[in-house]
Amino acid sequence: MTDTDQTRPFVLFTQDQCPQCETLKRMLALPLRGAFDTQIEVLHRQEQPDAFARLAEAHALARTPALLHRPSGKLLLDTGSLGAVKAFLTQ
């Protein structure tokens, strides 16, 4: 994890074999046109297991995908709605 990642206000929790994770990634890339990419650190369960486990445990995260707002500690688990995701990312 780099210093840049630590300063990003949002974390996207994702993992392999997760259709909802792929849907959220497409939503961020297409309808939202990558507008929030510089604000989101992606934590992948299989690629960064230690960092993923630490942060997931700290926020009692039990499933993916999820978005975390670091400054407030709020989690967005309902990531299937474009409106909800956009509202969360613009808080």
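For the structure itself, consult the block above.
Presented here is an overview of the structure given in this document. (Residues numbered from 1 in each chain as written. Predicted model: local features only at pLDDT ≥ 70, side-chain atom pairs only at ≥ 80, totals over all residues. Heavy atoms only, no water.)

Here's the deal with the pattern of salt bridges
Short version of the rule: Put simply, a salt bridge is a Lys or Arg side-chain nitrogen that is within 4 Å of an Asp or Glu carboxyl oxygen. The numbering of helices and of strands both runs from the N terminus, where a helix is a DSSP run of H or I of at least 4 residues and a strand a run of E of at least 2. Think of it in three bands: with a 1.4 Å probe and only protein chains considered, a residue is buried below 20% of the maximum accessible area for its type, exposed above 50%, and partly exposed in between.
This structure, assessed with the given rule, holds two salt bridges. We note a salt bridge from R70 to E41, for which the minimum N-O separation is 2.1 Å. With R70 in the loop between β3 (66-69) and β4 (74-76) and E41 in strand β2 (residues 40-44), this pair connects stretches of sequence that are 29 residues apart. Judged by relative accessible area, R70 falls into the partly exposed class, the value being 23%. E41 sits in the buried class, given a relative accessible area of 2%.

A closer look at the packing of aromatic side chains
Just so we agree on the cut-off: The rule is short: rings of Phe, Tyr and Trp, with Trp giving its six-membered ring, pair when the centres are within 6.5 Å, and they are stacked under 30 degrees, edge-to-face over 60, tilted in between.
The tally for this structure, following the rule as stated, stands at two aromatic pairs. Arranged with centres 5.4 Å apart and planes meeting at 90°, the rings of F13 and F52 form a pair that is edge-to-face. Here F13, found in strand β1 (residues 10-14), pairs with F52, found in helix α3 (residues 49-58); they are 39 residues apart in sequence, far enough to count as distant.

Concerning the state of the cysteines
We apply this condition: In this description, a disulfide is simply a cysteine sulfur pair whose atoms lie within 2.5 Å.
For the coordinates displayed, the defined rule picks out one disulfide. Paired through a disulfide, C18 and C21 show a sulfur-sulfur distance of 2.2 Å. In this structure the cystine formed by C18 and C21 twists about its S-S bond by roughly 75°; its chirality is therefore right-handed. C18 gets classed as buried once you look at its relative accessible area, which sits at 6%.

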